[in-house]
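Spelled out from the first residue to the last, the chains are:
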Amino acid sequence: LPTSYSVSECHEDIKSSWASTASLLTQLGATVTPFDDNLTTIQDSLAAYYVIACAEASSNLARYDGIRYGSRCRDPSVNFDVEYEKTRSTFFGDEVKRRIEAGEEVLSKDGTHYDIAMRIRNQLRSEYQAALNTYDALLLPCSVTPPIALDGSEAKLDQSEVMANDLMTVGASLAGFPAISIPA
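Residues numbered from 1 in each chain as written. Predicted model: local features only at pLDDT ≥ 70, side-chain atom pairs only at ≥ 80, totals over all residues. Heavy atoms only, no water.

## A word on the nonpolar core
Item 1. Ranked by internal contacts, the top residues of the largest apolar core, which has 13 residues, are Ala48, Ala117, Leu124, Tyr128, Leu174 and Ala175.
Item 2. Elements with a minimum of two residues in this core: α2 (42-61), α5 (112-134) and α7 (167-175).
Item 3. Other than its neighbours up to four places away in sequence, Leu174 contacts Ser45, Ala48, Tyr49, Ile52, Arg121, Leu124 and Arg125.
Item 4. Among the nonpolar cores identified, the runner-up in size contains ten residues, and Val7, Val144, Leu167 and Val170 belong to it. (Core = buried A, V, L, I, M, F, W, Y, C linked by side-chain atoms within 4.5 Å. Buried < 20%, exposed > 50% of the residue type's maximum accessible area, 1.4 Å probe, protein only. Helix = DSSP H or I, 4+ residues; strand = E, 2+ residues; numbered from the N terminus. Contact = heavy atoms within 4.5 Å.)

Have a look at this one:
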């Protein structure tokens, strides 16, 4: 149980579930140890993840132009530029468009943000490796808030709250380590 993940944003229900899961694992014979970890970059990992993810999404999705890859909105009455714009605006959802725009912004800054994010990624990888040299696994919740109701009866999370929920899972992905999500 790395202490750096005990963040103030973590909802009480999540903390309770995390503790009861640790207790259950102990009852089943596992040794569960809270430890003062050196995962100092965990707070930066979320920003690094979004910088890298958006930059890579922008770069990778550039090929889906309806000419070489993907579908195309064919309209012989308009010029190529209009057709290209129509294709991408028709077949890319709002979130994809948001990530492409953010990625283009990140990459247009001389790569500075991307380079910093890659340094954070490398530091996080080293920190995870150090922790896993001592412990067999890290026990973490998957999000900082309870899940939203599928029937829409609860208020929806805003975009920043959705991103904050990624805090618990981006570390392993960013560092390149395997992870598994098991319902509590």
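## Considerations on a nonpolar patch on the surface
Item 1. A grouping of Leu24, Leu25 and Leu28 is seen on the molecular surface, where their side chains present a nonpolar patch of about 290 Å² in accessible area.
Item 2. Of note, Leu24 is situated in helix α1 (residues 12-27). (Patch = residues over 30% accessible without salt bridge, like charges linked within 9 Å, V, L, I, M, F, W, Y side chains within 5 Å. Areas by Shrake-Rupley, 256 points an atom, 1.4 Å probe, with all protein chains shown as cover. Salt bridge = Lys/Arg side-chain N within 4 Å of Asp/Glu carboxyl O.)

## Observations concerning the side chain of Ser45
Item 1. On the secondary structure map, Ser45 appears in helix α2.
Item 2. Taking the relative accessible area as the measure of exposure, Ser45 reaches 0% and is therefore buried.
Item 3. When residues no more than four places from it in sequence are discounted, the contact partners of Ser45 are Ile120, Leu124, Leu167, Val170 and Leu174.

## Focus on the layout of surface pockets
Item 1. Quantified by volume, the largest pocket comes out at close to 1200 Å³.
Item 2. Leu138, Leu139, Leu140, Pro141 and Ile180 are, among the 35 residues lining the largest pocket, the residues nearest its centre.
Item 3. Sorting the residues of the lining of the largest pocket by element identifies α1, α5 and α7 as the ones contributing at least two each.
Item 4. Considering every element that reaches the lining of the largest pocket, the biggest residue donor is α1, with six residues.
Item 5. Tallied by class, the residues present in the lining of the largest pocket amount to 26 nonpolar, eight polar and one charged. (1 Å grid on protein atoms, 1.4 Å probe; cavity = no way out; pocket = protein on both sides within 12 Å on 5 of 7 lines; lining within 4 Å. Points joined across faces, edges and corners; volume = space filled by probe spheres on them. Nonpolar A, V, L, I, M, F, W, Y, C, P; charged D, E, K, R; others polar.)

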